[in-house]
Amino acid sequence: MPSVLPSTPDTEVTPQTPPEAGWRRARTAPSLQEVFATIRVPAHDASFWRKLMAFWGPGLMVAVGYMDPGNWATDIAGGSRFGYTLLSVILISNLFAMLLQHLAAKLGIVTGRDLAQACRDHFSKPVSMVLWFLCEVAIAACDLAEVIGSAIALNLLFGLPLPWGVVLTILDVMVVLFFQNKGFRVLESIVAGLIVLIFGCFLYEIIVSNPDYFGILSGLVPRPEVVTTPGMLYVAIGILGATVMPHNLYLHSSIVQTRAIEQTEQGKRMAIKFATIDSTVALFLAFFVNAAILITAAAAFHKNGHHEVADINQAYELLAPVLGAGAASIVFAVALLASGQNSTLTGTLAGQIVMEGFLNLRLKPWLRRLITRAIAVVPALIVTLLYGEKGTGELLVLSQVILSFQLSFAVVPLVMFTGSKAKMGVFANKSWVQLLAWLVSGVIILLNVYLLWETFFG
């Protein structure tokens, strides 16, 4: 039997901890309790930059999910097949993400509950269990993309066979736990360092690929052919599905609570303001990385007639010969490895938050991480042994389809909760924000339903 830390039963509501207005139960212990409110923030009269630096960090951890290995295949396919045209889709996807992450941060700051805890309180137990199961599947799918991405990077850089690379990723468990025990700021700094590495790698790729800068600017403007051309629409929806990650909404609503804010209206407004700046700036960095992958593919492959490059291995093999820069392929693989490791760090936290929030169950972190990684490693190992590179590429695509399916089950509750005056009080979404949030949710749901239909029946 797994070792379980003490938890508070659903029905335990004492006179000292009555449920707040709009909620059925009193708040239980926060998720990630070991780092809850451990980072001090300056007083209201401190300078803007001091306050920003205090709140800077969670946004970077969220941004990691928007540049993980699962995004690479769709960005590469979009650039090689259609040039710069789908840059507008990456931009729109990131704008959607900025709004949703703002709502996730606001939910955590105002209510002191992460999205998983809020779902557990609001919905019946059967519904909560279904939402928990779907979220666990999504996290396992995301973990699968990280495992495959890291294994491919190790294979490209060191010639390590894919099955060995998959097995080696199990060691991530110990690495993550080691740094998590050093404090949350240390974890945020590691993530920031890896993002800078990825950013630098793709800055180099863009420079050596010598893209058409006018084409880049025109690609940022939405065009009707994105919708009217079936092949382009399918890739566009794939980019959207791979960009907006459901587990990031659970993650963000929890890690914003690592800041020790004043539990007053003024304190919460300050926290929402700087958490939003933090996540918005970080997602602009994620936009640059995703756009850079597509731009590199467009400049290196589409311009040179290689329109069918659709996976990471093909891109790696063609970069050096096409660009004439020997380091291009190596830099590409280094960025992929950094991306996989970064996603591993945040995936660990998301898994812990979801299990604690939905089930009020606190497994020891090493056991929770080992279970999640085993769920990802076993299918990846079987596929690499039986089908090799081709199989891993298809498995990477499948992981993104699973994430697309789960997305609406995270977005709809988030919009519901943050628009509720009973739950959020004066912080409830304004009418125009709520309308925009439902519009974004509707677009995401419709496009993902279309993606799923085309994947299985198209």
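In what follows, the accompanying structure is described.

About the thresholds
- Residues numbered from 1 in each chain as written.
- Predicted model: local features only at pLDDT ≥ 70, side-chain atom pairs only at ≥ 80, totals over all residues.
- Heavy atoms only, no water.
- Core = buried A, V, L, I, M, F, W, Y, C linked by side-chain atoms within 4.5 Å.
- Buried < 20%, exposed > 50% of the residue type's maximum accessible area, 1.4 Å probe, protein only.
- Helix = DSSP H or I, 4+ residues; strand = E, 2+ residues; numbered from the N terminus.
- Contact = heavy atoms within 4.5 Å.
- Salt bridge = Lys/Arg side-chain N within 4 Å of Asp/Glu carboxyl O.
- Arc of directions from axis to C-beta.
- Phe/Tyr/Trp six-rings, centres within 6.5 Å; stacked < 30°, edge-to-face > 60°.
- Lys NZ or Arg CZ within 6 Å of the ring centre and 35° of its normal.

Residues Leu86, Phe202, Ile312 and Phe332 are the most contacted members of the largest nonpolar core, which totals 133 residues. At 20 residues, helix α14 (residues 265-302) tops the list of elements feeding residues into this core. In this structure, Ile312 is in contact with Pro69, Trp72, Ile76, Ile152, Leu156, Phe332, Leu336 and Leu396, ignoring residues within four places of it in sequence. Listed in part, the 5 residues of the second largest apolar core include Ala141, Cys142, Met245 and Leu403.

Taken as a whole and judged by the stated rule, the model has 5 salt bridges. The partner of Arg113 in a salt bridge is Asp121, and the shortest N-O contact between them spans 3.7 Å. The pair formed by Arg113 and Asp121 is uniform in burial state, with each residue classed as buried. The salt bridge involving Arg223 is made with Glu225; its shortest N-O contact spans 3.8 Å. Residue classification places Arg223 among the partly exposed residues on the basis of a relative accessible area of 30%. Residue classification places Glu225 among the partly exposed residues on the basis of a relative accessible area of 29%.

Our next topic: helix α1 (residues 48-55). Working note: α-helix, 3.6 residues per turn, so residues spaced by three or four point in the same direction. Residues of α1 that are buried: Lys51, Leu52, Ala54 and Phe55. Projected onto a plane normal to the axis of α1, the buried residues spread over an arc of 160 degrees and lie on a single side. For α1, the exposed residues set more than 90 degrees away from the buried face come down to Trp49 and Arg50. Summarising the contacts, the buried residues of α1 are in contact with β2 (39-40), α2 (58-63), α9 (184-209), β3 (259-260) and α14.

It is worth spelling out the packing of aromatic side chains at this point. A full pass over the atoms with the stated rule returns 10 aromatic pairs. Centre to centre, the rings of Trp23 and Phe417 are 6.3 Å apart; their planes meet at 55 degrees, and the pair counts as tilted. Taken as a pair, Trp23 in the loop between β1 (4-5) and β2 and Phe417 in helix α17 (residues 365-418) lie far apart in primary sequence, 394 residues in all. For the pair shown, Trp23 and Phe417 are each scored as buried. Feature note: the residues Phe48, Trp49, Phe55 and Phe274 constitute an aromatic cluster, connected by ring pairs. Directly above the ring of Trp23 sits Arg113, whose terminal nitrogen or CZ lies 4.3 Å from the centroid. For Lys423, the ring lying beneath its charged end belongs to Trp23, and the centroid distance is 4.2 Å.

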